[in-house]
Amino acid sequence: DTEVTQTPKHLVMGMTNKKSLKCEQHMGHRAMYWYKQKAKKPPELMFVYSYEKLSINESVPSRFSPECPNSSLLNLHLHALQPEDSALYLCASSQDTGPGTDTQYFGPGTRLTVL
Amino acid sequence: AQSVSQHNHHVILSEAASLELGCNYSYGGTVNLFWYVQYPGQHLQLLLKYFSGDPLVKGIKGFEAEFIKSKFSFNLRKPSVQWSDTAEYFCAVNALDSSYKLIFGSGTRLLVRP
């Protein structure tokens, strides 16, 4: 089973709202990722967690706050977003980050609209 | 900095035509290579991957790709496309000295006409 689940599928929020995106995998993977994908563009890496610790932050604005409560869950907390943050947010996981174990499996994404 | 180039942004084919999508990367070291597909309204799915060994890699749904190290290329091929292959195809590269980062190409949008 190579399933990564994400909730919600769609989210509409105002610029003053606080919301969270959730991601879950039960493949025993120890690395999890957040990507942002704008329309007709490739995914762009935002954050990487390895063994529940943040290992990469790709200079993402602080209005995006990731959290990894345990090895199966990954959250992305959103606060004071801008309309240009509207995009598809993808979660991915991989067994590990070493050679041969770093194939990333993607979830269906959360389509976020900021009004 | 590493980069991935997909030269064909839009490809239109008729069913049963052969497909080849180009992918080139810029990085001199050891890499892992991937092709992902995104069908309309669906999530990114792994088509195939190359880590080491035989440079000709076979994936799902009849796709294959060939790693040519001297050309820094990893082109995707399928001998006979179907209407259901209509999708966006992304090449991605992972340099082994920066394991976490998967660098995606800009994608190729394939339309297969019935």
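Residues numbered from 1 in each chain as written. Chains lettered and ligands numbered in written order. Predicted model: local features only at pLDDT ≥ 70, side-chain atom pairs only at ≥ 80, totals over all residues. Heavy atoms only, no water.

Participant: Residues and numbers for the overall build of chain A, please.
Facilitator: On a plain count of helices and strands, chain A comes out with zero helices and eleven strands. In sequence order, the secondary structure elements of chain A are arranged as β-β-β-β-β-β-β-β-β-β-β. The C-alpha radius of gyration of chain A comes to 13 Å, within 12% of the 13 Å expected for a compact globule of 115 residues. If you line up chain A on its principal axes, its C-alpha atoms span 40 × 25 × 20 Å. Put simply, chain A has 115 residues, and 47% of those count as buried. Sequence-distant contacts in chain A: of pairs separated by 6 or more residues, those separated by 24 or more amount to 55%. Here chain A contributes 12 positively and 11 negatively charged side chains, and the mean placements of these two sets differ by 9 Å. (Helix = DSSP H or I, 4+ residues; strand = E, 2+ residues; numbered from the N terminus. Rg over C-alpha atoms; globule rule 2.2 N^0.38 Å. Buried < 20%, exposed > 50% of the residue type's maximum accessible area, 1.4 Å probe, protein only. Contact = heavy atoms within 4.5 Å. Lys, Arg positive; Asp, Glu negative; His and termini not counted. Charge placed at Lys NZ, Arg CZ, Asp CG, Glu CD.)

Participant: Describe the side chain of B:Gln38, naming the residues involved and giving the relevant values.
Facilitator: Positionally, B:Gln38 belongs in strand β5 (residues 31–38). At 3.2 Å, the side chain of B:Gln38 and the side chain of A:Gln37 are in polar contact. Those residues within four positions of B:Gln38 in sequence are excluded, and the remaining contacts are A:Gln37, A:Leu88, B:His43, B:Leu44, B:Ala87, B:Glu88 and B:Phe90. (Polar contact = N/O pair within 3.5 Å; in protein donor to acceptor, adjacent residues only side chain to side chain.)

Participant: I'd like a description of the pattern of salt bridges, backed by residues and values.
Facilitator: Residue and element names in this part refer to chain A. If you walk through the whole model with that rule in mind, you get eight salt bridges over all chains. Measuring nitrogen to oxygen at the nearest pair gives 2.7 Å for the salt bridge that ties Arg63 to Asp85. Of this pair, Arg63 sits in the loop between β6 (53–57) and β7 (64–70) while Asp85 sits in the loop between β8 (73–79) and β9 (87–94), placing them 22 residues apart in sequence. For Arg63, a relative accessible area of 23% corresponds to the partly exposed category. (Salt bridge = Lys/Arg side-chain N within 4 Å of Asp/Glu carboxyl O.)

Participant: Can you explain the interface of chain B and chain A? Please cite residues and give values.
Facilitator: Between chain B and chain A, the contact holds 20 residues from the first and 26 residues from the second. Summing both sides of the interface, chain B and chain A together bury roughly 1800 Å²; the carbon and sulfur share of this comes to 60%. Counting across the chain B and chain A interface gives zero salt bridges. Taken together, the connections running from chain B to chain A amount to three residue pairs in polar contact (both at pLDDT 80 or more). (Buried area = accessible area lost by both parts, 1.4 Å probe.)

Participant: Which residues make up the pairing of strand β4 (residues 31–37) of chain A, and what are the values?
Facilitator: Residue and element names in this part refer to chain A. Most of β4 sits out of view: seven of its seven residues are buried. Neither face of β4 is left uncovered, since the one carrying Ala31, Tyr33, Tyr35 and Gln37 and the one carrying Met32, Trp34 and Lys36 both have all their residues buried. Summarising the sheet, β4 and strand β5 (residues 44–50) pair through six bridges and their orientation is antiparallel. Residue pairing in the sheet places Met32 in a bridge with Tyr49 of β5. With seven bridges joining them, β4 and β9 adopt antiparallel strand pairing. Bridge pairing in β9 places Lys36 opposite Tyr89. (Pairing = 2+ DSSP bridges.)

Participant: Quick one: what's the story with the sheet that holds β8(A), residue by residue and with numbers?
Facilitator: Residues and elements named next belong to chain A. The antiparallel open sheet is built from four strands, whose spatial order is β1-β3-β8-β7. Either end of the sheet is taken by a strand with one partner, and the two such strands are β1 (4–7) and β7. The average undirected angle you get between the axes of adjacent strands in this sheet is 20°. When β7 meets β8, the two strands line up antiparallel, connected through five bridges. If you follow Asn70 over to β8, its bridge partner there is Leu73. (Axes fitted to C-alpha atoms, helices over the stretch in contact; angles between N-to-C directions.)

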